[in-house]
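Reading the structure
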Amino acid sequence: MDDSDKHRPIRVALLGCGVVGSSVARLMQEQADDFAARVGTPLELVGVAVRRLGRDRSEAGVDPALLTTDAEGLVTRADVVVEVIGGIEPARSLILRAFEHGASVVTANKALLAERGPELYAAAEAAGVDLYHEASVAGAIPLLRPLRESLAGDDVRKVLGIVNGTTNYVLDKMHTTGQGFGEAVEAAQALGYAEADPTADVEGFDAAAKAAILASLAFHSRVSARDVHREGITEVSAADIAAAEAMGCVVKLLAICERVDADPATGTDRTGISVRVHPAMIPLSHPLAGVREAFNAVFVEARSAGELMFYGRGAGGDPTASAVLGDVVAVARHRVGGGRGPGESTYADLPTLPMGEARTRYFISLDVADEPGVLAAVATEFARNQVSIETVRQTARADDEHRAEERAELVVVTHAAPDAALAATVEALAGLAQVREVSSVMRVEGE
Ligand SMILES: NC(=O)c1ccc[n+]([C@@H]2O[C@H](COP(=O)([O-])OP(=O)(O)OC[C@H]3O[C@@H](n4cnc5c(N)ncnc54)[C@H](OP(=O)(O)O)[C@@H]3O)[C@@H](O)[C@H]2O)c1
Ligand SMILES: N[C@@H](CCO)C(=O)O
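None of these values were measured; they are calculated from a predicted model. (Residues numbered from 1 in each chain as written. Chains lettered and ligands numbered in written order. Predicted model: local features only at pLDDT ≥ 70, side-chain atom pairs only at ≥ 80, totals over all residues. Heavy atoms only, no water.)

**Side note on the overall build of the protein**
If you tally the helices and strands in the protein, you get 15 helices and 17 strands. For the protein, the C-alpha radius of gyration of 25 Å lies close to 22 Å, the compact-globule estimate for 447 residues. Overall size of the protein, expressed as C-alpha extent along the three principal axes, is 90 × 50 × 30 Å. For the protein, the residues scored as buried account for 54% of the 447 residues in total. A separation threshold of at least 6 residues defines the contact pool for the protein, and within that pool the share at least 24 residues apart is 74%. Just so you have it, the protein exposes about 18700 Å², and 49% of that area is on carbon and sulfur atoms. (Helix = DSSP H or I, 4+ residues; strand = E, 2+ residues; numbered from the N terminus. Rg over C-alpha atoms; globule rule 2.2 N^0.38 Å. Buried < 20%, exposed > 50% of the residue type's maximum accessible area, 1.4 Å probe, protein only. Contact = heavy atoms within 4.5 Å. Areas by Shrake-Rupley, 256 points an atom, 1.4 Å probe, with all protein chains shown as cover.)

Put into structure tokens, the structure is as follows:
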């Protein structure tokens, strides 16, 4: 934009008018005067690309004349393109086309960023424009900019986050109301939290994409969704929930991004980063344990800053639109004032370590024969795999059916050990004659 252009409106093209897009369109219009004052010139919505023209858009308050199915044509007429279609294609091609035409892009699309981030950053760099995506992780919570900019002078060690609202909602309902899994997912869908295909939420794909974005920013390295170890919540049972409660814990789906330094004292061979998404028990005393419903929270540990906690709404139309519009104002200001925001920082180039090397703690509940030598047999398997036990608790099983067979419940919590050693221990325990069933296995975080 040259000087003569400084006071002409910034042309904004909106790609998508669903849960997020309709909030963006409505808020852009409701707060038009404020945006003009903040940017220094008005934001003009020049078009809204959708798939189905006939759909009712009255809630978004969009002038029907602005609606189009020609997204490709629309991006060539904009200074700022807001992509809230989702998925890889056509979102990727539309963003690349926007860059080719000199437009900056704001997107909420974590799936795309986690798969094709380097390509998109490189294209934005080549075109000399901005690519902003604050809404791609943890919705309304200002998180990426603090990681990228405010913590640029620090050394981030660990990021522990609840970054998927749908699964947090489901687990919270399972804990507090005993609501079934399917019922809770449907409620999350009705509230606009779930992805178009909720498998992305419950199987952990959405959280894994967000973990990849967080790890890339926190550790100045390239991490894609494929590098992230991923387990969803479909295997979390009522027994796991009850076991967590008995331990004074809650079950959360966590995204964990951790800097790992080689350390002979702990048997850690390699320096790198561990990035994983899985359900874990966390103690009620941990700040993340109190994160209820569809809220998100991200706990950051940095060398100098210490512990930081970011909390807020991670999903839903208006909260996500807040982050999108914050980015729109930022990139529009750059266009008025000149300059660009920071691009990709990957100088550290740390490798992502396999899950087997991640040091984790396990909670293991066993249904065992209540007879001499059981504890010794169980302890031997832990020792054989070099896993140190932190606590053991044995209780007689209360139900009549098992009392007749003289059975007991043995609950073991371990110290941190390589995940591969813990998994091998569980496999060996399942094969012991004295173990009737491994009733519950879950990783423990947050102590
Ligand atoms: N929902 C949330 O809480 C949330 C939070 C953070 C980030 N996000 C991210 O934001 C993005 C959008 O999510 P959403 O929940 O708003 O999705 P959505 O409700 O499914 O809306 C998608 C929109 O894109 C339009 N669209 C789909 N394919 C298109 C195409 N080929 N050309 C033009 N338009 C097309 C759809 O048109 P029709 O209306 O005609 O179908 C719809 O308006 C996703 O990347 C998601 O991961 C969502
Ligand atoms: N489906 C996502 C939307 C926000 O990215 C969630 O439930 O958190």
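Let us keep going from here.
**Thoughts on the environment of P146**
Relative to the elements of secondary structure, P146 occurs in helix α6 (residues 144-150). The spacing of P146 and A218 is 72 residues in sequence and 10.0 Å in space, taken between C-alpha atoms. Look past the residues within four positions of P146 in its chain and what remains in contact with it is L151 and F310.

**Considerations on the site of ligand 1**
Near ligand 1 you find 24 residues, and of these R52, R55, R57, K110 and G316 are the closest. The contact in question runs from an oxygen atom of ligand 1 to an N or O atom on the side chain of R51, over 3.0 Å. For ligand 1, whose unbound accessible area comes to 910 Å², protein coverage reaches 87%. (Near = heavy atom within 4 Å. Polar contact = N/O pair within 3.5 Å; in protein donor to acceptor, adjacent residues only side chain to side chain.)

**Things to note about the site of ligand 2**
In the neighbourhood of ligand 2, 13 residues make up the surrounding shell, with K110, G165, T166, Y193 and E195 lying closest. Between K110 and ligand 2, the recorded distance is 2.5 Å, taken from a side-chain N or O atom to an oxygen atom. Between an oxygen atom of ligand 2 and a side-chain N or O atom of N164, the distance comes to 3.4 Å. In the complex, the protein chains occlude 93% of the 250 Å² of accessible area that ligand 2 would expose alone. If you list the elements that add at least two residues to the shell around ligand 2, you get α7 (165-176) and α10 (205-219).

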